[in-house]
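# Understanding the architecture of this molecule
The lines below spell out each chain.
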Amino acid sequence: MGNAIFRCFNGDHDNLPVPPHWPSIVSRQQFAHPAVAYPGFFPFYSLPFSPIQCQVPGSSYYDGHRSNGVKFVLQTLPVKSKLVGDGDGMTVHVNAADPRESAAVPIVVQEAVFERNQARAIKDYARADALYNFIVNCGYRVVIINNKQILAREYRIRLRGIDAPEMNMEYGQEAKNALTKLIEQKSLTIYVYNKDPYDRLVGDVYADGIFVQERLLREGCAWHYGAYDTRPAFAQWQKEAQNARRGLWANPNPIEPWEFKKMERIKKKAERPYQNNRNTLRDRVPVLPKSLGLLPRHHQG
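With that settled, the discussion passes to the packing of aromatic side chains. Evaluation of the coordinates by the stated rule reveals nine aromatic pairs. Plain terms: the ring middles of tyrosine 191 and tyrosine 206 are 5.9 Å apart, the flat faces sit at 85° to each other, and that makes the pair edge-to-face. Pair noted here: tyrosine 191 is in strand S7 (residues 188-195) and tyrosine 206 is in strand S8 (residues 201-207), with a separation of 15 residues, a long-range link. The pair tyrosine 191 / tyrosine 206 is uniform in exposure class, with both members buried. Taking 4.9 Å as the distance between ring centres and 15° as the angle between the ring planes, the aromatic pair formed by tyrosine 206 and phenylalanine 211 counts as stacked. When its relative accessible area of 1% is taken as the criterion, tyrosine 206 is described as buried. Overall, the relative accessible area of 2% leaves phenylalanine 211 in the buried class. Site record: aromatic cluster; members linked through ring pairs are Tyr191, Tyr206, Phe211, Phe234 and Trp237. Sitting above the plane of the tyrosine 193 ring, arginine 160 keeps its charged end 3.6 Å from the centroid.

Among the seven residues that make up strand S3 (residues 89-95), seven are buried, leaving the element largely enclosed by the rest of the structure. Neither face of S3 is left uncovered, since the one carrying Gly89, Thr91, His93 and Asn95 and the one carrying Met90, Val92 and Val94 both have all their residues buried. In this structure, strand S2 (residues 84-86) lies alongside S3, joined through two bridges in antiparallel fashion. If you follow aspartate 86 over to S3, its bridge partner there is glycine 89. The turn joining S2 and S3, which pair antiparallel and follow one another in sequence, is formed by two residues. Pairing of S3 with strand S5 (residues 148-159) involves seven bridges; the strand directions are antiparallel. If you follow valine 92 over to S5, its bridge partner there is tyrosine 155.

Moving on: the environment of glutamate 111. If you trace the backbone, glutamate 111 turns up in helix H6 (residues 107-121). For the pair formed by glutamate 111 and isoleucine 135, sequence separation is 24 residues and the distance between their alpha carbons is 9.9 Å.

For the rest of this paragraph, the subject is unusual backbone geometry. Backbone geometry follows two general trends: most residues other than glycine have a negative phi, and most peptide bonds adopt the trans configuration. Look at asparagine 146: it is not a glycine, yet its phi comes out positive at around 55°. In this fold, asparagine 146 is placed in the loop between strand S4 (140-145) and S5. Among the residues examined, asparagine 146 registers a relative accessible area of 69% and is labelled exposed. Look at glutamine 185: it is not a glycine, yet its phi comes out positive at around 60°. If you trace the backbone, glutamine 185 turns up in the loop between helix H8 (172-183) and S7.

Rules behind the numbers
- Residues numbered from 1 in each chain as written.
- Predicted model: local features only at pLDDT ≥ 70, side-chain atom pairs only at ≥ 80, totals over all residues.
- Heavy atoms only, no water.
- Phe/Tyr/Trp six-rings, centres within 6.5 Å; stacked < 30°, edge-to-face > 60°.
- Helix = DSSP H or I, 4+ residues; strand = E, 2+ residues; numbered from the N terminus.
- Buried < 20%, exposed > 50% of the residue type's maximum accessible area, 1.4 Å probe, protein only.
- Lys NZ or Arg CZ within 6 Å of the ring centre and 35° of its normal.
- Pairing = 2+ DSSP bridges.

This is the structure in structure tokens:
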């Protein structure tokens, strides 16, 4: 077996058998050794794979004003426009083969990806769908990039230091469109500082070297969120947009998003004073499909 694994790692995986207990071995090897070190590793087990290309943002603002509070950095796959939620938030995907991600992929997720591919191969689509739902509930997706399937970790992102109009506010749709235009189909570099109460990662975002928050503030698409961010440059960029009456500042008295949300909460509480706050879907623990287990040997090729 050791010789076969060695041959697999080096790309020589033609006509090799797939013993039923190997997915577990493969998954554990992934923890010890980043997948990018073994070209044949992911393809042999039908695990999605794409080479990693890391880029460093070229913003002079970030280079000169970097805070010590950065927890980690994300390098995303190209962002789809439908994943932009509003003017200051979006969902992104990070390649699970990225060495900064690969060691954290749960064994059970990797096995589920392998079994899903096997189920699709024999056209057992009901089982494949059940396995994919489990993968999604664990925080992962299989995305298509250049006609290739890639296993990716999903993150919800909140732009640090700004607050854009809500979608049901004046200029809400315009703010979302502005963010979409900046990041659509681009790989982003995100410097993550913390997590907000809604489980979103809060960070500074760069697209092709452009500091996204700076652009949005200068174009009048968002407010500086001064209660949580004291960077002088942010206040200055907002002031410039205000003076030029750009974007939302065309209205001489726009409502601050945080004040609007406060009024909305008071209104909802008055309408439903006895509402019971139940656990949301994101608080539930993913459950494996009952039938999870390797496919019969005669289906494994």
